[in-house]
Amino acid sequence: MKFAVIVFPGSNCDADMLWAVQEIMGVEAAYVRYDEDSLSGFDGVLLPGGFSYGDYLRCGAIARFSTIMQEVIRFAEEGKPVFGTCNGFQILTEAGLLPGVLRRNESLQFICKTVPLRVVNNQTAFTSEYREDEVIQLPVAHGEGNYFCDEETLRELKENNQIVFTYEDENINGSVERIAGITNQAGNVLGMMPHPERAMEQLLGSEDGKRFFQSMIKNFGKVTV
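Because the structure is a prediction, the values reported are computed rather than measured. (Residues numbered from 1 in each chain as written. Predicted model: local features only at pLDDT ≥ 70, side-chain atom pairs only at ≥ 80, totals over all residues. Heavy atoms only, no water.)

Our next topic: the overall build of the protein chain. Within the protein chain, the regular secondary structure consists of 5 helices and 11 strands. Against the 2.2 N^0.38 benchmark of 17 Å for 225 residues, the protein chain shows a C-alpha radius of gyration of 16 Å, consistent with a compact globule. Dimensions along the principal axes, computed over C-alpha positions, put the protein chain at roughly 40 × 40 × 35 Å. Expressed as a percentage of the 225 residues in the protein chain, the buried residues total 55%. Long-range pairs, those at least 24 residues apart, make up 73% of the contacts in the protein chain between residues at least 6 apart in sequence. (Helix = DSSP H or I, 4+ residues; strand = E, 2+ residues; numbered from the N terminus. Rg over C-alpha atoms; globule rule 2.2 N^0.38 Å. Buried < 20%, exposed > 50% of the residue type's maximum accessible area, 1.4 Å probe, protein only. Contact = heavy atoms within 4.5 Å.)

Moving on to the sheet that holds strand 1 (residues 2-7). One open sheet holds the 9 strands; their spatial order is 2-1-3-4-11-10-9-6-7, and the pairing between them is mixed. Two strands close off the open sheet at either side, each with one partner strand: strand 2 (28-33) and strand 7 (135-142). Ignoring which end each strand starts from, the neighbouring axes of this sheet average 25 degrees apart. Where strand 1 meets strand 3 (residues 44-47), 3 bridges bridge the pair, whose relative direction is parallel. By the bridge assignment, alanine 4 is partnered in strand 3 with valine 45. (Pairing = 2+ DSSP bridges. Axes fitted to C-alpha atoms, helices over the stretch in contact; angles between N-to-C directions.)

Remark: the empty space left among the atoms is shown by a probe the size of a water molecule rolled over them. Quantified by volume, the largest pocket comes out at close to 210 Å³. Counting only elements with at least two residues in the lining of the largest pocket, the list comes to helix 3 (87-94) and strand 7. In terms of residue class, the lining of the largest pocket is built from 6 nonpolar, 7 polar and 3 charged. (1 Å grid on protein atoms, 1.4 Å probe; cavity = no way out; pocket = protein on both sides within 12 Å on 5 of 7 lines; lining within 4 Å. Points joined across faces, edges and corners; volume = space filled by probe spheres on them. Nonpolar A, V, L, I, M, F, W, Y, C, P; charged D, E, K, R; others polar.)

For the rest of this paragraph, the subject is the packing of aromatic side chains. Under the definition given, this model contains 8 aromatic pairs. When the ring of tyrosine 34 is compared with that of tyrosine 53, the centres are 6.2 Å apart and the planes differ by 85 degrees; the resulting orientation is edge-to-face. Residue tyrosine 34 is found in the loop between strand 2 and strand 3, and its partner tyrosine 53 is found in the loop between strand 3 and helix 2 (67-77); the two are separated by 19 residues along the sequence. Tyrosine 34 gets classed as partly exposed once you look at its relative accessible area, which sits at 25%. The rings of Phe83, Phe126, Phe212, Phe213 and Phe220 are connected pair by pair, giving a single aromatic cluster. The ring of phenylalanine 42 has lysine 2 sitting right over it, with the charged end atom 4.9 Å from the ring centre. In this arrangement the basic side chain of arginine 64 is found over the ring face of phenylalanine 65, its NZ or CZ atom lying 4.8 Å from the centre. (Phe/Tyr/Trp six-rings, centres within 6.5 Å; stacked < 30°, edge-to-face > 60°. Lys NZ or Arg CZ within 6 Å of the ring centre and 35° of its normal.)

Summarising the sheet, strand 6 (residues 111-119) and strand 7 pair through 8 bridges and their orientation is antiparallel. Note that in strand 7 the partner of isoleucine 111 across the bridge is histidine 142. In terms of strand pairing, strand 6 meets strand 9 (residues 163-167) through 3 bridges, oriented antiparallel. Each residue of the ladder has a partner; that of leucine 117, found in strand 9, is tyrosine 167.

Inspection of the entire model under this criterion finds 15 salt bridges. In this structure, arginine 58 engages glutamate 94 in a salt bridge whose closest nitrogen and oxygen atoms are separated by 2.9 Å. Taken as a pair, arginine 58 in the loop between strand 3 and helix 2 and glutamate 94 in helix 3 lie far apart in primary sequence, 36 residues in all. For the salt bridge of glutamate 78 with arginine 74, the shortest nitrogen-to-oxygen distance reads 2.8 Å. For arginine 74, a relative accessible area of 28% corresponds to the partly exposed category. Overlapping salt bridges, with partners in common, bring together Glu71, Arg74, Glu78 and Lys80 in one network. (Salt bridge = Lys/Arg side-chain N within 4 Å of Asp/Glu carboxyl O.)

See below:
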C-alpha cells in the first residue's frame, strides 16, 4: 500500500503519522498538500491531527473546503480506506463522510493524556487485529473531542455496529455514549479522537496503535504484516 498523509495549514501530527506508517510499519507514504487536486497512485488516505486553519469557525470547517478534500471524498465513495484522527476526525464529520459533530470538551479544558479505550467492534477493517472488548491504551490531545449526534443517528450507529471505540474508565470529554471512534456504514472510513500513530513503540508508553495500522494494511492492502 501507499498512504497519502494530507497536510493542512496548521496540521501538527503529520510527521507522526508519516513516521508511524513509513518507519514502523514499513509501508510507503508521502505528504499531500491541502491545495493539491489528485490522489493518483495512493491506496489509502490519512488525515492527521492538529489545528487546521487555526480551528477558526469550527474545527475542520474550513479544511473541509480545501481542494484535496474533493479527492478524499471521491476516494471514500469508491470504497478506499480513509482514516482521520483528532482534527482529521473533525474534518471527516464536517465533510459529511462521518455522521455527527465534535464539540468543545465538557470540561472546556484541553485534555492531553493516555486513556484506556475499549474495542467495541473488532470486525472492521481497521480493528481486526484487536480482540473483541479488548482495552487498549492510546493518547489523546484535544479541546474539542466531545462527540455528539442526535438520537436517530445514534440508533443507526448502534444498529450498523459503527461505534468502534469507546472511552473506558471515564467519559473524558462528555461524548455521547462515551464514543471515541466510529466508521461510516460502508466500513471504509474511520474517525477517532485518540492517536494510534503516537502509540507505536513501548518506549513511548504503548504500542497498542500498531495493530490499528496492521489491520488496515492486512485488510485493505491484502498484505500480512
